[in-house]
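Listed here are the chains, written in short residue letters.
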Amino acid sequence: MPHISLSNLMVAYGNQKVLQNITVDIPNNQITAIIGPSGCGKTTLLKTLNRLVDLYDEIRVEGEVRIDGADIYDPKADLLNLRKKVGFLSQKPYPLPMSIHDNITFGPRIHRMNRKELLDQIQELEKHIPIDSLCPNGRQEETRHSKTHEMAYLVEYYLRLAGLWEEVRERLHAPAAQLSIGQQQRLALARALAVEPEVILADEPTSALDPISAQLIEKQFKTLKNHYTIVVVTHILRQARRIADYVIFLYLGELVEHGPAEQFFSSPRDERTRAYISGEIS
Amino acid sequence: MWCRGPRLSTYQCSFKPRKAATTSEKRGGVANAIVGSLCLAFGASLLSFLLGLPIAFALQKEYISRRLAQITRLSLDILWGTPSIVYGAFGFIIMVYLGLRASLLGGIIALTLLMLPIMVRSIDEVIRMTPPELKEASYAMGATRIETTFKVVLRQALPGMITGVLLAFGRGIGDAASILFTTGYTDYIPRSLFDPVASLPLAVFFQVATPIPEVQQRAYASALILLIIVLLISVVSRLLSHRYSRHIIR
Amino acid sequence: MHWRQIKDRLSAKSMILAVAFANSLVLLVGLGLLIKSIPILEKKSLFHLLLSSNWHPLRGEFGFYPFIVGTLEVTAIAMILAVPVCLLSAIYLSEYAHHRLREIARITVDIMAAIPSVIYGLWGVIVVVPFVCLLGKWLNTPTTGYSLLAGGIILAIMASPIIISVSLEVLRTVPIQAREAALALGTTRWEAIKHVVLRNAFHGILSAVILGFARAFGETIAVLMIVGNVPKVPTSVFDPAYPLPALLANNYGEMMSIPLYNSALLLSALILLLVVSAFNMTAHLTLMRVEKR
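Keep in mind that this is a model prediction, so the values were computed, not measured.

**Digging into the overall build of chain A**
At step 1: Secondary structure assignment for chain A yields twelve helices and ten strands.
At step 2: Rg of the C-alpha trace for chain A: 19 Å, near the compact-globule value of 19 Å for 282 residues, within the 12% margin.
At step 3: Expressed along its principal axes, the backbone C-alpha trace of chain A runs to roughly 55 × 40 × 35 Å.
At step 4: Sorting the 282 residues of chain A into buried and exposed places 56% on the buried side.
At step 5: Taking the 33 positively charged and 36 negatively charged side chains of chain A as two groups, their mean positions are separated by 2 Å.

Written out as structure tokens, the structure reads:
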């Protein structure tokens, strides 16, 4: 069963409909790319998946968004748990105004996870992605922190998972604002991973970054997709071709076409999709 | 002002403790006024910070509608512009109502009325500068509103908040009209909240009106001390907000 | 429900209480003063109080006319002196000055605004009053120096920081493209400022002036120290006057013995509050609209 399934979703700001008739299942453990011209509702669609749209004035959401079978817009739904389960990466990284270390521990701390929960969380994850595999040359002694200091271990693990550890290991307590913007984005990734989500939403995560940092993020996504369901909004067609396993094409608030990436790019069914892929409209 | 400014003799007697200065005596200092002013300004700053911080936080859009926030900002701006003599008069009414005499507490109440809008509005302006995406990042991890407010917004706004608090402190310590009826004036340093208290602005105001030159010179000394305190606050607020801005996300 | 959420709900509720408290404060101050000034309003009509020049508290006559005229005149003098200078400096700082000079000016203006009014008052006593006295001698109008003009000069200086800083802010909000559009049509720099920048910023600048007016109108201590305090309608700028705030400050402490006097003074505080609030409200409403744009 898919984690996320949308049916008949309609989103409006005031009287203006931004999205309508969206019905789609998002496949598990794959990278799904949402593409389309700017202003077609890509970001709004992404933010309905973790109810960040709630923060906007006069927003109206109709239809169903089910995650693990439960309608997340049910008034009785547990919003905080939903957001714990669905991580989010914004267009421009916004590190929290604290140290690198505290950025990672922010999530576990607000969710008041105790020692055992933390250790369980990491052990569970290590079954899929062992920490050795994250060390260069797979050397065990590279991991400085033993499992007895669970927070320190957690910080190291997630920083390694986001591919940032080697660059910041000596200055974990420096302000996160001092990092370069590419490092900040990877920090944001590590921070989102630290609450152990099942889904990662990313809103044009590379658009503010230089090409090398962007490549690093894409690489991390490809590593992570085995264990997480990833949804990426992008306006770069080539990026979608590089990383996506499944593609959703939005045009003026409507879902035009969706399907596995290969089929989508090689044999699009809709005229608008063909025009977009060939670059006639953008 | 400087040419007729403080004489050395005024400095020498500035810090005589306890029985310090009167408006009529030729000898004496202004220690009572310095201590009194600091007590008044610290007390009122503390009180208005405690009352004001929740108001400033509440003006975020998570808590109240934009319209209500606008109305609240407008009424705070009106309070900011209200002449301090009106607060003095109103503070006096409250004091009579509570059965208080002119005292440190009365002065703190009147000054709090004066400082509260300044503090709230300047903290509010800083909070409004917080990038919405920063809050989003916190919410996206499952933080509640109050957690986001205290763990993220508060830290982000801290340097600006220091400036706001010091701005209000500076306004409070220099204001004479609001404490004119509410604190009284005394030669002694207050021992409790219910004692009358001297203050620098009132020292200037009363002492300059006397015909005795020695006392007038104390007015210049008081004015100089007050001016130095106010300028110092302005410098310190600039330095501190720089010092604490290393975590700030721009 | 998780207790984190309970805490969140509770704190949100108390935030609303805090907002209610902030909003009720204005009403509370106004209402308190109104209730206290009812005794005098029951005895005499407001109209009569405002337009009578007889001020004999012991005989029960409370005519506010000289005080109101005094306040208006001293404020008017302050505005006449301050507005042109402040607006020109704001325009210069915004349009012509090097950005470093602008920064220095901003800091200076901030410091000017932070200086307590007793210090302005003291400075007035030492500098402005003798200056006005000399001026009077030179113009053959004997004066002590404690006069409308001296008060006006001090108020002009005290109102300048707010006029300069607010109009500077407003001028800076006019987008650079607006200037470019005019200059691209071949206007001179001054023409671009006059037709584009000032027209765009007009409402904001007006608000700045209104804020300055309100500041001068309610200023107490500095005026009290140098304006002379004689309850008579002044006939020239070298005459002493007695503005409302000074009346309040001078007499409020010892008037508890005469209830009607008390009430009359609180009425003057109420008038002060209403006038200043009305001006401030107009200015801030305008500025909010400017900000939104």
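From this point, things continue past the structure.
**Re the overall build of chain B**
At step 1: When you go through chain B residue by residue, the secondary structure sums to nine helices and zero strands.
At step 2: Out of the 250 residues belonging to chain B, those deemed buried represent 63%.
At step 3: Restricting the contact set of chain B to residue pairs at least 6 apart, pairs at least 24 apart contribute 77%.
At step 4: As presented, chain B carries roughly 9,700 Å² of accessible surface, and 67% of it is formed by carbon and sulfur atoms.

**Description of the interface of chain C and chain B**
At step 1: With 57 residues of chain C at the interface, the matching set in chain B holds 57 residues.
At step 2: Summing the contributions of chain C and of chain B, the shared interface buries around 5,000 Å²; its carbon and sulfur component is 79%.
At step 3: Contact with chain B buries surface across chain C, with Met15(C), Leu122(C) and Ile126(C) losing the most and accounting together for 12% of the total.
At step 4: Our count for the chain C to chain B interface comes out at seven residue pairs in polar contact (both at pLDDT 80 or more).
At step 5: Contributing elements (two or more residues each) for the side of chain C that touches chain B: helix H1 (3-43), helix H4 (99-114), helix H5 (117-138), helix H9 (221-226), helix H10 (244-251) and helix H11 (259-292) of chain C.
At step 6: Sorting elements by how many residues they give to the side of chain C that touches chain B places H1(C) first, with 19 residues.
At step 7: Among the residues making up the side of chain C that touches chain B, the classes are represented as 40 nonpolar, ten polar and seven charged.

**Let's talk about the packing of helix H6 (residues 150-161) of chain A against helix H8 (residues 181-193) of chain A**
Residues and elements named next belong to chain A.
At step 1: Running from N to C, H6 and H8 point in directions that differ by 125 degrees, and their axes come no closer than 8 Å. Considering their axes alone, H6 and H8 lie oblique with respect to each other. Relative to H8, H6 is oriented so that their crossing is right-handed. Contacts between H6 and H8 involve Tyr158, Leu159 and Leu161 from the former and Leu187, Ala190 and Leu193 from the latter.
At step 2: Residues of the contact of H6 with H8, tallied by class, amount to six nonpolar, no polar and no charged.

**Looking at the confidence of the model for chain B**
At step 1: In this model, chain B carries an average pLDDT of 84, and 88% of its residues clear a pLDDT of 70 or more.
At step 2: Per-residue pLDDT stays below 50 along residues 1-24 of chain B; that stretch engages in 60 contacts with residues further than four places along the chain or on separate chains.

**Some thoughts on the packing of aromatic side chains**
At step 1: Using the criterion set out here, one finds 19 aromatic pairs over all chains in the structure.
At step 2: Relative to Phe206(B), the ring of Phe205(B) lies with its centre 5.5 Å away and its plane at 50 degrees, an arrangement referred to as tilted.
At step 3: We classify Phe205(B) as buried; its relative accessible area is 13%.
At step 4: For Phe206(B), a relative accessible area of 28% translates into the label partly exposed.
At step 5: Residues Trp55(C) and Tyr261(C) carry aromatic rings whose centres are separated by 6.0 Å and whose planes lie at 70 degrees to one another, so their mutual orientation is edge-to-face. Linking Trp55(C) in strand E1 (residues 55-56) with Tyr261(C) in helix H11, this pair joins segments that are 206 residues apart in sequence. Grouping residues by exposure puts Trp55(C) and Tyr261(C) together as buried.
At step 6: Taken together, the ring pairs connect Trp55(C), Phe62(C), Phe64(C), Phe67(C), Tyr242(C) and Tyr261(C) into an aromatic cluster.

**Comments concerning the nonpolar core**
When a protein is soluble and globular, its nonpolar side chains tend to lie buried together.
At step 1: Membership of the largest hydrophobic core comes to 150 residues, with the highest contact counts inside it found for Leu33(C), Phe64(C), Val118(C), Ile221(C), Met225(C) and Tyr252(C).
At step 2: For this core, the leading source of residues is helix H5 (residues 104-128) of chain B, giving 13 residues.
At step 3: Three or more residues apiece are contributed to this core by two domains, here domain 1 (3-38) and domain 2 (65-292) of chain C.
At step 4: Not counting the four nearest positions on each side in its chain, Val118(C) is found in contact with Gly174(B), Ala176(B), Pro201(B), Val204(B), Phe205(B), Leu226(B), Ile221(C) and Met225(C).
At step 5: By size, the runner-up hydrophobic cluster in this structure holds 41 residues, among which are Met113(A), Leu134(A), Leu193(A) and Phe221(A).

**Digging into a positive patch on the surface**
At step 1: A cluster of basic residues, Arg109(A), Lys151(B), Arg155(B) and Lys7(C), forms a positive patch on the protein surface.
At step 2: Examined against the element boundaries, Lys151(B) turns out to sit in helix H7 (residues 145-174).

**As for the packing of H7(B) against helix H9 (residues 213-243) of chain B**
Residues and elements named next belong to chain B.
At step 1: The N-to-C vectors of H7 and H9 enclose an angle of 175 degrees; their axes lie 9 Å apart at closest approach. With respect to each other, H7 and H9 are oriented roughly antiparallel. Contact residues: H7 offers Pro159, Ile162, Thr163, Leu166, Phe169, Gly170, Ile173 and Gly174, while H9 offers Leu226, Ile229, Val230, Ile233, Val236, Ser237, Leu240 and Ser241.
At step 2: In terms of residue class, the contact of H7 with H9 is built from eleven nonpolar, five polar and no charged.

**Quick word on the domain arrangement of chain A**
Residue and element names in this part refer to chain A.
At step 1: Along its sequence, chain A is organised into domain 1 (1-95 + 197-282) and domain 2 (97-178).
At step 2: For domain 1 and domain 2, the distance between their C-alpha centres works out to 28 Å.
At step 3: Note on domain 1 versus domain 2: buried area summed over both sides is about 810 Å², and carbon and sulfur give 67% of it.
At step 4: Among the residues of domain 1 in contact with domain 2, Lys84, Pro95 and His227 are the three that bury the most area, contributing 56% of the side total.
At step 5: Across the domain 1-domain 2 interface, the total number found is zero salt bridges.

**Digging into helix H9 (residues 211-224) of chain A**
Residues and elements named next belong to chain A.
At step 1: If you check H9, its first and last C-alpha atoms are 20 Å apart, about what 14 residues at 1.5 Å a residue would give, namely 20 Å.
At step 2: The set of residues buried in H9 consists of Ser213, Ala214, Ile217, Glu218, Gln220, Phe221 and Leu224. Each buried residue of H9 lies within a common arc of 160 degrees when the element is viewed along its axis, so the set occupies one face. Exposed side of H9, more than 90 degrees from the buried face: Pro211, Ile212, Gln215 and Lys219 are the residues found there.

**Regarding the pairing of strand E9 (residues 246-251) of chain A**
Residues and elements named next belong to chain A.
At step 1: Within E9, five of the six residues are buried, which leaves it mostly tucked inside the rest of the structure.
At step 2: Taken together, the four bridges between strand E3 (residues 31-35) and E9 define a ladder with parallel strand orientation. The residue of E9 that forms the bridge with Thr32 is Tyr246.
At step 3: Examined bridge by bridge, E9 and strand E10 (residues 254-260) share six bridges and lie antiparallel to one another. Residue Tyr246 lies in a different strand from E10, and its bridge partner there is Pro260.
At step 4: Hairpin connection, E9 to E10: the antiparallel pair is bridged by two residues, and Leu252 has positive phi, about 50 degrees.

**Description of the interface of chain A and chain C**
At step 1: Every contact between the two is made by six residues of chain A and, on the other side, four residues of chain C.
At step 2: Each partner contributes to the roughly 440 Å² buried at the junction of chain A and chain C, and carbon and sulfur atoms together form 47% of this total.
At step 3: Of all residues in chain A, Leu80(A), Ile110(A) and Arg112(A) give up the largest surface area on contact with chain C, accounting jointly for 78% of the area buried on that side.
At step 4: There are zero salt bridges connecting chain A and chain C.
At step 5: Where chain A touches chain C, the interface holds two residue pairs in polar contact (both at pLDDT 80 or more).
At step 6: The class makeup of the residues in the side of chain A that touches chain C is three nonpolar, one polar and two charged.

**What to know about the pairing of strand E8 (residues 229-233) of chain A**
Residue and element names in this part refer to chain A.
At step 1: With five of five residues buried, E8 is to be regarded as a mostly interior element.
At step 2: Neither face of E8 is exposed, since Thr229, Val231 and Val233 on one face and Ile230 and Val232 on the opposite face are all buried.
At step 3: Inspection of the sheet shows E3 paired to E8 by four bridges, in the parallel sense. When the bridges of E8 are listed, Ile31 appears paired with Ile230.

**What about the environment of Gly204(C)?**
Residue and element names in this part refer to chain C.
At step 1: Following the sequence through the fold, Gly204 ends up in helix H8 (residues 189-218).
At step 2: A sequence separation of 32 residues divides Gly204 from Arg172, and the C-alpha atoms of the two residues are 11 Å apart.
At step 3: Excluding anything up to four places from it in sequence, Gly204 contacts Val170, Leu287 and Val290.

Calculation rules
- Residues numbered from 1 in each chain as written.
- Chains lettered and ligands numbered in written order.
- Predicted model: local features only at pLDDT ≥ 70, side-chain atom pairs only at ≥ 80, totals over all residues.
- Heavy atoms only, no water.
- Helix = DSSP H or I, 4+ residues; strand = E, 2+ residues; numbered from the N terminus.
- Rg over C-alpha atoms; globule rule 2.2 N^0.38 Å.
- Buried < 20%, exposed > 50% of the residue type's maximum accessible area, 1.4 Å probe, protein only.
- Lys, Arg positive; Asp, Glu negative; His and termini not counted.
- Charge placed at Lys NZ, Arg CZ, Asp CG, Glu CD.
- Contact = heavy atoms within 4.5 Å.
- Areas by Shrake-Rupley, 256 points an atom, 1.4 Å probe, with all protein chains shown as cover.
- Buried area = accessible area lost by both parts, 1.4 Å probe.
- Polar contact = N/O pair within 3.5 Å; in protein donor to acceptor, adjacent residues only side chain to side chain.
- Nonpolar A, V, L, I, M, F, W, Y, C, P; charged D, E, K, R; others polar.
- Axes fitted to C-alpha atoms, helices over the stretch in contact; angles between N-to-C directions.
- Parallel < 35°, antiparallel > 145°, perpendicular 65-115°, else oblique.
- Left-handed = near helix turned anticlockwise from the far one by under 90°.
- pLDDT = per-residue confidence, 0-100.
- Phe/Tyr/Trp six-rings, centres within 6.5 Å; stacked < 30°, edge-to-face > 60°.
- Core = buried A, V, L, I, M, F, W, Y, C linked by side-chain atoms within 4.5 Å.
- Domains from an automatic or database assignment.
- Patch = residues over 30% accessible without salt bridge, like charges linked within 9 Å, V, L, I, M, F, W, Y side chains within 5 Å.
- Salt bridge = Lys/Arg side-chain N within 4 Å of Asp/Glu carboxyl O.
- Expected span 1.5 Å × (residues − 1).
- Arc of directions from axis to C-beta.
- Pairing = 2+ DSSP bridges.

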